[in-house]
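Chain by chain, the residues run as shown.
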Amino acid sequence: MARTVQSITSTTPILSSIELEIGGMTCASCANRIERKLNKLDGVTATVNYATEKAKVSFPAEISTEDLVGTVKSAGYTAELPKLTTDPETATPEDSTKSLRQRLIVSAALSIPVIALAMIPALQFTNWQWLSLTLAAPVVVWGAWPFHRAAWVNLRHGSSTMDTLISMGTLAALGWSIYALFWGTAGMPGMTHPFEFTVARSDGLSNIYLEAAAGVTTFILAGRYFEARSKRQAGAALRALLELGAKEVSVLRPGPNGTIEEQIDTAQLAVGDLFLVRPGEKVATDGVIEEGSSAVDASMLTGESVPVEVGVGDAVVGATINAGGRLVVRATRIGADTQLAQLAHLVEDAQNGKARAQRLADRISGIFVPIVIGLAVATLGFWISIGAGLPAAFTAAVAVLIIACPCALGLATPTALMVGTGRGAQLGILIKGPEVLESTREVDTIVLDKTGTVTTGRMSLLEVVAAEGEDSQDVLRLAGALEDASEHPIARAIAAGARDRLDSLPAVQDFANLEGLGVEGSVQLKGLSRKVLVGRARLVTTSEQPLPAELDLALARAQDAGGTAVVVAWDGRARGVIVVTDTIKDSSAEAISQLRSLGLTPVLLTGDNQAAARTVAAAVGIESDAVIAEVLPADKVEVIKRLQAEGKTVAMVGDGVNDAAALAQADLGLAMGTGADVAIEASDLTLVRGDLRVAADAIRLSRRTLATIKGNLFWAFAYNVAALPLAAAGLLNPMLAGAAMAFSSVFVVSNSLRLRGFKPLSKVSADGAHH
């Protein structure tokens, strides 16, 4: 047995893993090529994510990181080791969309007059064609340079993508136009482009295609710019997480006359340092309390709506907020070991592991591009072989490339995306990019975080129970007056509820905070001063004087329903129980039924106890077997992975920092805009309002936008494919080609504009209309 183990261990190489930052990718096929190159190395397993521009590589000891970087570079791309930093300012990457934006603006400014001159005969003054050449040449050469560079890289590696077709089509159109202007009759003064819708053979020497070359370049640059802008958001989740932590901390150091306080950057903290956390401040790093007691608001990290009472010996987590007293904490974990840093790592892992969104145009181009190039070459050879002459043969071959060059295709995705996202923004839905839309179609399960998503995430007064012989108004008046002087979130909920239900609250004398138990003070009631206590049951009960039966029952009922109950006592006796709870949003039940109508199964996920979770689930219409409770923040990712392993396509709706990694892991992440920035950054869709019904509208709008994009792509290709035989036969008049191209573009844009009529379900149901 020992020998077997030895043989296994000796043949199993020890693998290291690394992440490389990849540059120069223009489409999903680039990612596939890098992946294939890396995987050819012995013992290397690599996955390349086009969306995040990262390669995750496992490799044996005999292969160095330099070998991996060299392999990527040999494929025509750049590779760098990631730069690790905890400073949010230096963690912000350079804006890669800047140069693309400059190219787009300049190309659009130069292309508009070229297209106008070609399409409107009234504007064609003497020698207008030479102005067109002057304006179009920089667009095709400089504006389309990213496409030419990518086409050259593809050519060196014996492959082709949509970049190849764009580059060949635009250069062919420019090249032929120059030839026709200098050596044909197109450069003659007085030349015009009349609108002739005739199918006839010509030698092409009087035709120029400058508007096609400049227009295609500009349209496709627009598509690339919007794509690049959405991709840049991938790293924003990590930057948002780094922003959450405290920037400075007050450290306690031994001085000549006792302990002194010193203000330092959080990054300078060491394990074992004692630091101070005042009320309202963030805890600087993970640690253990040495002095003081308080309530810590950990809702940003845990999603738990009720602040946690902590005292000496209790652990606290960095980035949580001290809601009560003064604390002295000993640092136990710093830097990359803290819970916040581990959460950041989970988010990054989940983003990098997300399925690559294979763009439809790229998939089709893998087949379409080689066929078009082959057809152009065959056309050229055929016409030369039958003796039609070189100009006629070239005209037909160039016509094939130009009509196949995807002008409408360049518009298909960005126009639908712009209209769809614009309509979404009006309805409070922010869609992050085309990859998001593909996920919405397959989703069959929607996981809902409880706190802040299904519920408001804020405590509010639910119930006042008075003991026998007492008035519930008196109970609320005295408790509200006393709690009005406290900063505790539960106290604020009671005080706010009392002010809403009563005319006024009496003044409080001798107020005192009883650490971890409650508050006390003197309040006037019916002309008499009462010594009032509000807090935990053990504050006011003893074995000789237990809680009255009706109050004991109210306490138990509140706990079973997931509420928080406090006891109110005065003059040494318990007089009532006040229950506060995280209230369910008014729209949640309607939202759940709307999600079901879209074919989704709702699942409730929470860190709260089972009783609280099931109560909420029952109230909004979620089955009890679809409740997953008492889940730790880091385990939310595991829940999503488990559902995915069961074959489900999972959407997740959340709002807290603790949801960020799960939102990134889900096939579709929806963040409430009322929540944490990091959750918003890690999500695919952001719901600006805190209304869960918007989630159903977001999925419907995304599905509609995706259907529009697919319809656009179909028609864009259909025009090209239908016209290819005419072009190959040499029968395509350039004006007819230009008109067909313009019509396909107009069709695509008008089809996209139909998305402006999208109506939200909630509004539809409210006004009784049908959409």
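A quick note: this is a predicted structure, and the numbers were derived from the prediction, not measured.

How do you make sense of the sheet that holds strand E9 (residues 294-297) when you look at a structure like this?
Pairing between the strands of a sheet comes from backbone hydrogen bonds, and it takes one of two forms, parallel or antiparallel. Pairing in this open sheet of three strands is antiparallel, and the strands run E10-E9-E12 from one edge to the other. Edge positions in the sheet fall to strand E10 (308-310) and strand E12 (321-322), since each has one partner strand and no second. Pairing between E9 and E10: three bridges, direction antiparallel. When the bridges of E10 are listed, Ala295 appears paired with Glu309.

I keep staring at the UniProt feature "transmembrane region" (unreviewed entry) in the chain and nothing clicks. Help me out?
UniProt annotation of "transmembrane region" (unreviewed entry) refers to residues 104-122, 128-145, 165-186, 206-226, 364-386, 392-413, 712-729 and 735-753 when read in the numbering used here. Taken as a whole, residues 104-122 contains 84% helix and 0% strand, while its terminal C-alpha atoms sit 28 Å from one another. Summarising residues 128-145: 94% helix, 0% strand, and an end-to-end C-alpha distance of 26 Å.

Help me understand the environment of Gln426 in this model?
You can see Gln426 is positioned in helix H15 (residues 407-426). Between the C-alpha atoms of Gln426 and Val688, which are 262 residues apart in sequence, the distance is 10.0 Å.

Help me understand the sheet that holds strand E15 (residues 445-449), please; the structure alone is not making it clear to me.
Read across the open sheet, the seven strands follow the order E14-E26-E25-E24-E15-E22-E23; overall the sheet is mixed. Each edge of the open sheet is held by one strand with a lone partner, namely strand E14 (429-431) and strand E23 (627-628). With three bridges connecting them, strand E25 (residues 668-672) and strand E26 (residues 685-687) associate as parallel partners. Looking across to E26, one finds that Met672 is bridged to Leu687. The strands that helix H24 (residues 635-645) touches are E15, strand E22 (601-605), E23 and strand E24 (650-654); relative to E24, the one it contacts most, it runs at about 155 degrees. In the packing of helix H27 (residues 693-728) onto the sheet, contacts are made with E14, E15, E25 and E26, and the angle to E14 comes to roughly 40 degrees.

Please explain the nonpolar core as it appears in this structure.
Soluble globular proteins tend to bury their nonpolar side chains together. Leu448, Leu670 and Leu692 are the most contacted members of the largest nonpolar core, which has 61 residues in total. If you tally residues by element for this core, the top one is H27, at nine residues. Here Leu448 is in contact with Val454, Ile592, Leu595, Pro602, Val603, Leu604, Leu605, Ile622, Val653 and Leu692, once residues within four sequence places are set aside. In terms of nonpolar packing, the next biggest core, distinct from the first, is built from 37 residues, Met191, Ile208, Ala376 and Ala723 among them.

For this particular structure, what's the right way to read the packing of aromatic side chains?
Centre-to-centre distance and the angle between the planes together describe a pair of aromatic rings. Evaluation of the coordinates by the stated rule reveals seven aromatic pairs. Joined through ring pairs, the aromatic side chains of Trp130, Trp176, Tyr179, Phe182 and Trp183 make up one cluster. Above the plane of the ring of Trp142 lies Arg103, whose end atom (NZ or CZ) is 5.0 Å from the centre.

Whenever I open this one, the pairing of strand E3 (residues 54-60) confuses me. Can you help?
A regular strand places its side chains on the two faces of the sheet in alternate fashion. Among the seven residues of E3, five are classified as buried, and the element is accordingly described as predominantly covered. By the bridge criterion, seven bridges tie strand E1 (residues 15-23) to E3 in an arrangement that is antiparallel. Each residue of the ladder has a partner; that of Ile18, found in E3, is Val57. Two elements, strand E2 (residues 45-49) and E3, share five bridges in a ladder whose sense is antiparallel.

Please clarify how the side chain of Glu211 should be interpreted in this entry.
Looking at the element boundaries, Glu211 is found in helix H9 (residues 210-231). The class for Glu211 is buried, based on a relative accessible area of 11%. With sequence-adjacent residues up to four places away left out, Glu211 is seen in contact with Val114, Ile115, Ala118 and Met119.

Just to check I follow, could you spell out helix H23 (residues 610-620) for this structure?
Since the α-helix turns once every 3.6 residues, residues separated by three or four places project in the same direction. Along H23, the residues classified as buried are Ala612, Ala613, Val616, Ala617 and Val620. With its buried residues spanning 130 degrees around the axis, H23 presents them on a single face.

I tried to follow unusual backbone geometry on my own but got confused; where do I start?
Generally, phi is negative for residues other than glycine and the peptide bonds are trans, each holding for most cases. Phi is positive for Ala319, close to 80 degrees, though the residue is something other than glycine. On the accessibility criterion, Ala319 (10% relative accessible area) is buried. Positive phi is not limited to glycine here, since Glu630 has a value of about 55 degrees. Within the fold, Glu630 resides in the loop between E23 and H24. The class of Glu630 is exposed, set by a relative accessible area of 51%.

Help me out: how do you make sense of the environment of Lys648 in this one?
Mapped onto the fold, Lys648 is located in the loop between H24 and E24. For Lys648, a relative accessible area of 32% corresponds to the partly exposed category. C-alpha separation for the pair Lys648 and Ile446, spaced 202 residues apart in sequence, amounts to 9.7 Å. Within the local environment of Lys648, its side chain forms a polar contact with the side chain of Glu646, the two groups lying 3.1 Å apart.

Honestly, the pattern of salt bridges in this entry has me stumped. Any pointers?
A side chain of one charge can pair with a side chain of the opposite charge when the charged atoms of the two come close. Across all of its chains, the model carries 22 salt bridges by this definition. Linking Arg333 and Asp286 is a salt bridge whose minimum nitrogen-to-oxygen distance equals 3.2 Å. On the criterion of sequence distance, the pair formed by Arg333 in strand E13 (residues 327-333) and Asp286 in strand E8 (residues 286-291) is long-range, its members being 47 residues apart. Among the ionic pairs, Asp571 bridges to Arg530, the shortest N-O distance being 2.7 Å. Remark: Arg530 occurs in strand E19 (residues 528-535) and Asp571 occurs in the loop between strand E20 (564-570) and strand E21 (573-584); sequence separation between them is 41 residues. Since its relative accessible area comes to 41%, Asp571 is described here as partly exposed. One network of salt bridges, in which partners are shared, links Arg253, Glu262 and Asp273.

Conventions adopted
- Residues numbered from 1 in each chain as written.
- Predicted model: local features only at pLDDT ≥ 70, side-chain atom pairs only at ≥ 80, totals over all residues.
- Heavy atoms only, no water.
- Pairing = 2+ DSSP bridges.
- Helix = DSSP H or I, 4+ residues; strand = E, 2+ residues; numbered from the N terminus.
- UniProt positions renumbered as here; feature names shortened; annotations may be inferred.
- Contact = heavy atoms within 4.5 Å.
- Axes fitted to C-alpha atoms, helices over the stretch in contact; angles between N-to-C directions.
- Core = buried A, V, L, I, M, F, W, Y, C linked by side-chain atoms within 4.5 Å.
- Buried < 20%, exposed > 50% of the residue type's maximum accessible area, 1.4 Å probe, protein only.
- Phe/Tyr/Trp six-rings, centres within 6.5 Å; stacked < 30°, edge-to-face > 60°.
- Lys NZ or Arg CZ within 6 Å of the ring centre and 35° of its normal.
- Arc of directions from axis to C-beta.
- Polar contact = N/O pair within 3.5 Å; in protein donor to acceptor, adjacent residues only side chain to side chain.
- Salt bridge = Lys/Arg side-chain N within 4 Å of Asp/Glu carboxyl O.

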